[in-house]
Amino acid sequence: MAAGRPVAASLAAVLSAALAAVCSSGAPDAELAHAGDYAAHPHLRVTGYPVPGTLDVVQQVVWRLADGAGGRLEKLASSDGSAAEHRAAAAAWVGEYQQGARGSVTADFGDDPADRQTVRLGFHDTGQVKELTLRLDGRAGDAGWRVLLK
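Quick notes on the rules
Residues numbered from 1 in each chain as written. Predicted model: local features only at pLDDT ≥ 70, side-chain atom pairs only at ≥ 80, totals over all residues. Heavy atoms only, no water. Helix = DSSP H or I, 4+ residues; strand = E, 2+ residues; numbered from the N terminus. Buried < 20%, exposed > 50% of the residue type's maximum accessible area, 1.4 Å probe, protein only. Contact = heavy atoms within 4.5 Å. Areas by Shrake-Rupley, 256 points an atom, 1.4 Å probe, with all protein chains shown as cover. Pairing = 2+ DSSP bridges. Axes fitted to C-alpha atoms, helices over the stretch in contact; angles between N-to-C directions. Parallel < 35°, antiparallel > 145°, perpendicular 65-115°, else oblique. Salt bridge = Lys/Arg side-chain N within 4 Å of Asp/Glu carboxyl O.

J.: Residues and numbers for the overall build of the protein, please.
T.: A count of helical and extended segments in the protein gives 5 helices and 5 strands. The N-to-C order of helical and strand elements in the protein reads α-α-β-α-α-α-β-β-β-β. Within the protein, the fraction of its 150 residues that count as buried is 33%. In the protein, the share of contacts with a sequence separation of at least 24, taken over all contacts with a separation of at least 6, comes to 56%. Counting every atom, the protein has about 8,700 Å² of accessible surface; 56% of that belongs to carbon and sulfur.

Below, the structure is given as structure tokens:
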């Protein structure tokens, strides 16, 4: 038994060092949140031609709908419209599509986007369809891809 203690102590030291390295690696909170969302929700089925930015925002829209997180959905809105319009639209979308978003969803992306893309969401469990309009927002698209939330 005594011979095992140095090995256990060495292993504990190595694991502690590894844990400290991971915790201090500077992994952004957004990446950790994304990984948590990805693990907690059904995978999105995709057809068509998404680009990384459009795929990311559509995935987040579906997650926010499924979670009933209207406030987080509002944060994905393009600059079109007011905060009150975004809040009302987010609440309406959650009310209408939350149940469907909790199950299997297919996102059909339109043609390869330049600065705007149409995406059709199909909610398999409810048979509902929701069409999204995505666009690059901000001056020269510096705010990234956003959803027209109206």
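J.: Give a detailed account of the sheet that holds strand E1 (residues 45–48), specifying residues and quantitative values.
T.: Pairing within the open sheet is mixed, and its 5 strands lie in the order E1-E2-E3-E4-E5. Both edges of this open sheet fall to E1 and strand E5 (144–147), since each of them pairs with a single strand only. Looking at each pair of strands side by side, their axes are set apart by 25° on average, direction ignored. Both strand E2 (residues 105–109) and strand E3 (residues 116–123) contribute to a ladder of 5 bridges, which runs antiparallel. Residue pairing for E3: Ala107 is matched across the bridge by Leu121. Strand contacts of helix H5 (residues 83–101): E2, E3, strand E4 (128–137) and E5, with the helix running at about 115° to E4, the strand carrying the most contacts.

J.: Break down the packing of helix H3 (residues 52–67) against H5 for me, citing the residues and quoting the values.
T.: The geometry of H3 relative to H5 is characterised by a closest axis approach of 7 Å and an angle of 95° between their N-to-C directions. In terms of orientation, H3 lies roughly perpendicular with respect to H5. Packed against H3, whose contacting residues are Val61, Val62, Arg64, Leu65, Ala66 and Asp67, the element H5 presents Trp93, Val94, Tyr97, Gln98 and Ala101 at the interface.

J.: Give me the lowdown on the pattern of salt bridges, citing residues and values where you can.
T.: Following the criterion strictly, the structure yields 3 salt bridges and no others. As a salt-bridge pair, Arg87 and Glu74 come within 3.6 Å of each other at their nearest N and O atoms. Pair noted here: Arg87 is in helix H5 and Glu74 is in helix H4 (residues 70–74), with a separation of 13 residues, a long-range link. You can call Arg87 partly exposed: its relative accessible area is 47%. Among the salt bridges present, the one from Asp137 reaches Arg135, with a minimum N-O distance of 2.8 Å. Across the pair, exposure class does not vary: Asp137 and Arg135 are buried alike. Several salt bridges share partner residues, and in doing so they unite Asp80, Arg135 and Asp137 into one network.

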